[in-house]
Amino acid sequence: MIALLLPLAWAEPPPIERPDWCERAQALGPDDRRWCSSPPPDCPAFEKACAATRTASASGGCGGEPERGRAEPEPVPLPDVPVGVVALPGCEAAIGGLGWGALGVVLALVVLALLRRVAAPGDEAGEGGELARLEEPEGGPVVQPDGGDWLAAARRAADAGRLGEALLLARAAAVRGLESRGRLDPDPSRTDREVLRGLANDPATRDDLRVVMGALERVRYAGGSVDRGTVERALTAAAKVLARLSVVGLLSLLAAPAHASPNDHDLLVPTLRAAGVEVLESDHIDADAGTQLWFPGSSWTDAELELAVAAAEEGATVVIVGTTFAASLPLEGVVFTGACSGVIRPVVWLGGVAAWPPLRLPPRSGTCVQAPLGSSLLLDEQGGAAATEIAVGDGFLVLVTVPALFEDASLLHPDNRAALVALLALKAEVPVTLVTPTLRTPPATEQVMAAGFTVFILQLGLLWVLWAWRGGRSFAPRVAPMGGQNRHFTDHLAAVARFFRARGSSEVGFVAVSRRALLRLERLAGVGGEALAPRVAARTGQPLDLVSRLIDRARAAPDSPGADTSEHLYLVEALWKLVTLMQTANSPHSPGPSKP
Amino acid sequence: MRRVVHGQPEVVRLTLVALFAGGHVLLEGAPGLGKTLLARTIARTLGCRFQRIQFTPDLMPADVTGGNVYNQAEHRFVFVAGPVFSELLLADEVNRAPARTQAALLEAMADRQVTIDGTTRRLARPFFTMATQNPVESEGTWPLPEAQLDRFMVKVLVPSPPKSVEVAILNAHLAGFDPASLDEQVLPPVLDSAGLVRAQDAVRRVRVEPPVIDYIAELVGRTRAHRSVFLGASPRASVSLLLGAQVIAACEGRNFVIPDDVKELAPAVLRHRLLLHAEAEIDGATPEEVVAELLRDTPTPSSRTAG
């Protein structure tokens, strides 16, 4: 239960980098303004923007009802609002007043920018760029030149007669371009052939890249000579790769928000990683993946829900984040009352919830879910429930009906950050797997649909051009997965050990690991209760008294975790070793190191 | 070979890599997975002189190397060669013999010679040792010492076959396949000893450019600096990677080595040469994970733009 897992004192959450919107004034969209009632600390620009919005509302300029008594005396001038990005309610007439002439100018500029990038993808580095500037220093890159910079350097090397170097730079240009567009994970350990295999779903790019890499391979590894014709072909191929990326990238740029905003999710992964939590990504729920954070949006199905419940029954913790609980959850005791956008209303309030820090969240209203008896609740400072935890089989479902908890403005509140890390990480199922398409760059088609009408018309045309050019192939840019894949149970435990070593607190991790280890031992042994220890001892060859003591200690852990000492670490590692020994004993044919 | 050894392509490939690179192979897997069958199949297809030693707790070093025996008729000692004087040696369940007997193989594997009573005797070329061991039993076994493990060019893990392969095995037996009789009707030799030596010499001529050599040295060097590793891989591992990568390149029809060849071979070459810290083992770390991490962290030559 959440309440039982709480540390007595909250550790100071690790600091995170403040986003631009904290420091620089910008227009606030409707979603951004939700946070004006609970502004993140140390965000002066955001507070001023909120004040300016209130002032504008009070003066009746562009808005709804004026708010009395809360407006700051000096409004902050807002930057120009990009077309199709943010439109304050009530301001449509003002935008319409710009007229078709202004829209035409914008369109012309966009088309010019597109043509420039397509025609000369390598010219953007400028003539002054030298190879030395592009090299990455020992301590890591200081500047992040994009593919165009590398290609320009390659051309200069070719012009200077350094043909081998030109090939190397052409390869770097194409690969860096793909990496910067999210088509490839940045991975210096990847070989050229692995890069090509990674582009199997994009044959045009792969074929162009093969020209570059084939030439480089012959020169670099086969001792072959290189002539100017080969280099020119490689440069042309690299330029084609970048040009193709430029078109798709520009399209995405048009459709994407022009700036980060308080309701983005840019800080979620950095926050978890700063706390020592390993973060993976997956596109599906998996029973073996431990804690999974699922953002189903409004399109979840009964089948997906059943998958989540099945995973929880197997021991996973699935955190479902959404406001629309239209589907029926096949669980006894949980009632979803149709589509809604609000908070969870508990049937029974339990003690212990006060141990959680009150969350700083935007105000909400409405009733959506009745939580079953015995559920733990996560409250905000208004006393509303933001999340509930339901035990299902060997695992848990955590329902979060306030997705704002995961937004950047929320994560800038230290208490929210600490609660989130505790909610996701201190339940022994770390690493956390994000099961969501919404935190990735959405496909271009979705971005187009999400944009304003004017931009939509423009993008429709661009889509058509792109469609024709690429022969009808799919072009959706995707951010590649973070290298995540389902991990073995022992990996989860290893991550837990690392996590609470880093955090300097072992109690919570010990309780959680004990529970997981016990469940796994019971499953591996096929027995529980008193018969468990003898069975485990017999299978693993460990002394019975040792195994019995460990299991007894693990069973007592939830109620009496003991002092926060290094003993926890020993116990966790011993339990963990026991599980791995059982796994080995249960799988005589599994490959592994010889441990006679 | 596929007609006899079903569904172990990776095992067969790595074993042949070691064979053509002039190395030795340690096969680790549960009983009944075809390790011995693989060795016999290779011996049959190569037409080599094949000897098998079943390692047992009472096996003596002389049972491996041979020794001087007194000939009463001639009133002198004569040397009786042991099974190690062969071209393909199968050391079955090598961890069942005590360390002293295992050590009898050391000199043979490293230097292709044995020294008995002060007399050094050269072994034949080719000389290829395939050793097997069972990872799940601990009673009456002696784990191979690090020095012995280092003599094996690769350690190959023999996995359990998937259901489809098991079905193929059953069908083969239904059709009359008898693993006890791999006669020439089933497996005609495709290469003789001289041919194998020529192939080994040819493989050594596959080109390896400095960036690849540097990559190998970097990769192996990192095993010695890894936080979880108590004892990293030796330069002999680097040499094994180099020679094995040449074989893989040749198998792929290339006369030059690329980093992919090294990456493919690295787990099999390095996994048995890494000794982990006790803390790391308690943490659940395995040599395989360490090698995988090193491969993820070591930049390939192509990614070093300036280089």
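If you're wondering where the values come from, they're calculated on a predicted model, not measured in any experiment. (Residues numbered from 1 in each chain as written. Chains lettered and ligands numbered in written order. Predicted model: local features only at pLDDT ≥ 70, side-chain atom pairs only at ≥ 80, totals over all residues. Heavy atoms only, no water.)

**Notes on the overall build of chain A**
Link 1 in the chain: Counting its regular elements, chain A contains 22 helices and ten strands.
Link 2 in the chain: Going through the 596 residues of chain A one by one, you find that 49% of them count as buried.
Link 3 in the chain: Considering only contacts within chain A whose residues lie at least 6 apart along the sequence, 73% involve residues at least 24 apart.
Link 4 in the chain: Just so you have it, chain A exposes about 26700 Å², and 56% of that area is on carbon and sulfur atoms. (Helix = DSSP H or I, 4+ residues; strand = E, 2+ residues; numbered from the N terminus. Buried < 20%, exposed > 50% of the residue type's maximum accessible area, 1.4 Å probe, protein only. Contact = heavy atoms within 4.5 Å. Areas by Shrake-Rupley, 256 points an atom, 1.4 Å probe, with all protein chains shown as cover.)

**Thoughts on the packing of helix H8 (residues 210-225) of chain B against helix H10 (residues 259-270) of chain B**
Residues and elements named next belong to chain B.
Link 1 in the chain: Packing of H8 against H10 leaves a shortest axis separation of 11 Å and a crossing angle of 30°. By the criterion of interaxial angle, the relationship of H8 to H10 is roughly parallel. Once H8 is placed against H10, the crossing between them reads as right-handed. Taking contact as the criterion, the partners of Val212, Tyr215, Ile216, Leu219, Val220 and Thr223 in H8 are, on H10, Pro259, Val262, Lys263, Ala266 and Leu270.
Link 2 in the chain: Classifying every residue of the contact of H8 with H10 by side-chain character gives nine nonpolar, one polar and one charged. (Axes fitted to C-alpha atoms, helices over the stretch in contact; angles between N-to-C directions. Parallel < 35°, antiparallel > 145°, perpendicular 65-115°, else oblique. Left-handed = near helix turned anticlockwise from the far one by under 90°. Nonpolar A, V, L, I, M, F, W, Y, C, P; charged D, E, K, R; others polar.)

**Side note on the state of the cysteines**
Residue and element names in this part refer to chain A.
Link 1 in the chain: All chains considered together, the criterion is met by two disulfides over all chains.
Link 2 in the chain: In this model, cysteine 22 is linked to cysteine 43 through a disulfide, with the two sulfur atoms separated by 1.8 Å. Linking cysteine 22 in helix H1 (residues 20-23) with cysteine 43 in the loop between helix H2 (30-33) and helix H3 (44-58), this pair joins segments that are 21 residues apart in sequence.
Link 3 in the chain: Here cysteine 43 falls in the buried class, since its relative accessible area comes to 1%.
Link 4 in the chain: Through a disulfide, cysteine 36 is tied to cysteine 50; the S-S separation comes to 2.0 Å. (Disulfide = S-S within 2.5 Å.)

**Details of the packing of aromatic side chains**
Residue and element names in this part refer to chain B.
Link 1 in the chain: For the coordinates displayed, the defined rule picks out two aromatic pairs over all chains.
Link 2 in the chain: Centre to centre, the rings of tyrosine 70 and phenylalanine 77 are 5.4 Å apart; their planes meet at 65°, and the pair counts as edge-to-face.
Link 3 in the chain: Residue classification places tyrosine 70 among the partly exposed residues on the basis of a relative accessible area of 41%.
Link 4 in the chain: Of the residues examined, phenylalanine 77 reaches a relative accessible area of 55% and is grouped as exposed.
Link 5 in the chain: With a centroid separation of 5.6 Å and 75° between ring planes, the pair formed by phenylalanine 79 and phenylalanine 85 is classed as edge-to-face.
Link 6 in the chain: With a relative accessible area of 25%, phenylalanine 79 lands in the partly exposed category. (Phe/Tyr/Trp six-rings, centres within 6.5 Å; stacked < 30°, edge-to-face > 60°.)

**Describing the environment of B:Val25**
Residue and element names in this part refer to chain B.
Link 1 in the chain: Relative to the helices and strands, valine 25 is located in strand E1 (residues 25-28).
Link 2 in the chain: Residue valine 25 is classed as buried on the basis of its relative accessible area, which comes to 0%.
Link 3 in the chain: Placed 130 residues apart in sequence, valine 25 and lysine 155 show a C-alpha to C-alpha distance of 5.9 Å.
Link 4 in the chain: Valine 25 has contacts with Thr15, Ala18, Phe128, Thr129, Met130, Ala131, Phe152, Val154 and Val156, leaving out every residue within four places of it along the chain.

**Structural notes on the nonpolar core**
Link 1 in the chain: Formed by 68 residues in total, the largest nonpolar core has its most connected members in B:Met130, B:Val154, B:Leu241 and B:Val262.
Link 2 in the chain: A total of seven residues in this core trace back to one element, the largest contributor, which is helix H9 (residues 235-251) of chain B.
Link 3 in the chain: Counting contributing residues, this core receives three or more from each of domain 1 (9-174) and domain 2 (204-303) of chain B.
Link 4 in the chain: Within the second largest apolar cluster, 41 residues are counted, among which are A:Ile16, A:Leu268, A:Val319 and A:Leu423. (Core = buried A, V, L, I, M, F, W, Y, C linked by side-chain atoms within 4.5 Å. Domains from an automatic or database assignment.)

**Some thoughts on the packing of helix H20 (residues 532-540) of chain A against helix H21 (residues 544-556) of chain A**
All names here are of chain A.
Link 1 in the chain: Running from N to C, H20 and H21 cross one another at 135°; their axes reach a closest spacing of 9 Å. Relative to H21, the element H20 lies oblique. Between H20 and H21 lies a crossing of right-handed hand. Residues Leu532, Ala533, Pro534, Val536 and Ala537 of H20 lie in contact with H21, whose contacting residues are Leu544, Val547, Ser548, Ile551 and Arg555.
Link 2 in the chain: Class assignment for the residues of the contact of H20 with H21 results in eight nonpolar, one polar and one charged.

**Structural notes on the pattern of salt bridges**
Link 1 in the chain: Counted under the stated rule, the structure contains 22 salt bridges over all chains.
Link 2 in the chain: Across the pair A:Arg549 and A:Asp545 runs a salt bridge whose closest N-O atoms are separated by 3.9 Å. On the criterion of helical spacing, the pair formed by A:Arg549 and A:Asp545 is a turn pair, its members being four residues apart in helix H21.
Link 3 in the chain: Its salt-bridge partner being B:Arg207, residue B:Glu209 comes within 2.4 Å of it at the nearest N-O pair.
Link 4 in the chain: When its relative accessible area of 14% is taken as the criterion, B:Glu209 is described as buried.
Link 5 in the chain: It is possible to trace a salt-bridge network through shared partners that takes in A:Arg206, A:Asp207 and A:Arg210. (Salt bridge = Lys/Arg side-chain N within 4 Å of Asp/Glu carboxyl O.)

**Remarks on the confidence of the model for chain B**
Link 1 in the chain: Residue-level pLDDT values for chain B average 87, and 96% of them are 70 or greater.
Link 2 in the chain: Here helix H11 (residues 278-282) of chain B stands out as the element of chain B with the lowest mean pLDDT, 76, in contrast to H10(B), whose mean of 95 is the highest. (pLDDT = per-residue confidence, 0-100.)

**Focus on the sheet that holds strand E5 (residues 88-92) of chain B**
All names here are of chain B.
Link 1 in the chain: Pairing is parallel across the open sheet formed by five strands, whose spatial order is E2-E5-E8-E1-E9. A strand with exactly one partner marks an edge of an open sheet, and here the two such strands are strand E2 (50-54) and strand E9 (154-157). Adjacent strand axes in the sheet meet at a mean angle of 20° when their direction is disregarded.
Link 2 in the chain: Contacts between helix H1 (residues 9-20) and the sheet are confined to E1, strand E8 (128-133) and E9, with E9 contributing the most and set at about 165° to the helix. (Pairing = 2+ DSSP bridges.)

**What about the side chain of B:Thr65?**
Link 1 in the chain: The topology assignment puts B:Thr65 in helix H3 (residues 61-65).
Link 2 in the chain: Among the residues examined, B:Thr65 registers a relative accessible area of 10% and is labelled buried.

**A look at unusual backbone geometry**
Link 1 in the chain: Omega for the peptide link from B:Arg125 to B:Pro126 comes to 5°, which places this bond in the cis form.
Link 2 in the chain: Mapped onto the elements, B:Pro126 comes out in the loop between strand E7 (119-122) and E8.
Link 3 in the chain: One non-glycine residue with positive phi stands out, namely A:Asp42, at about 60°.
Link 4 in the chain: Note on placement: A:Asp42 falls in the loop between H2 and H3.
Link 5 in the chain: The phi dihedral of B:Arg112 falls on the positive side, at around 50°, and the residue is not glycine.
Link 6 in the chain: By secondary structure assignment, the location of B:Arg112 is in the loop between helix H4 (99-111) and strand E6 (113-116).
Link 7 in the chain: Taking the relative accessible area as the measure of exposure, B:Arg112 reaches 27% and is therefore partly exposed.

**Description of H10(B)**
Link 1 in the chain: Between its first and last C-alpha, H10(B) extends 16 Å over twelve residues, near the 16 Å set by a 1.5 Å rise per residue.
Link 2 in the chain: The buried fraction of H10(B) is high, at ten of twelve residues.
Link 3 in the chain: For H10(B), every residue scored as buried is listed here: B:Pro259, B:Asp260, B:Asp261, B:Val262, B:Lys263, B:Leu265, B:Ala266, B:Ala268, B:Val269 and B:Leu270.
Link 4 in the chain: Contacts from the buried residues of H10(B) go to helix H9 (192-198) of chain A together with H1, E9, H8, H9 and helix H12 (287-297) of chain B. (Expected span 1.5 Å × (residues − 1).)

**Quick notes on the environment of B:Gly195**
All names here are of chain B.
Link 1 in the chain: With respect to the helices, strands and loops of the structure, glycine 195 is situated in helix H7 (residues 193-203).
Link 2 in the chain: For glycine 195, a relative accessible area of 6% gives the class buried.
Link 3 in the chain: Sequence separation between glycine 195 and leucine 46 is 149 residues; the distance between their C-alpha atoms is 8.8 Å.

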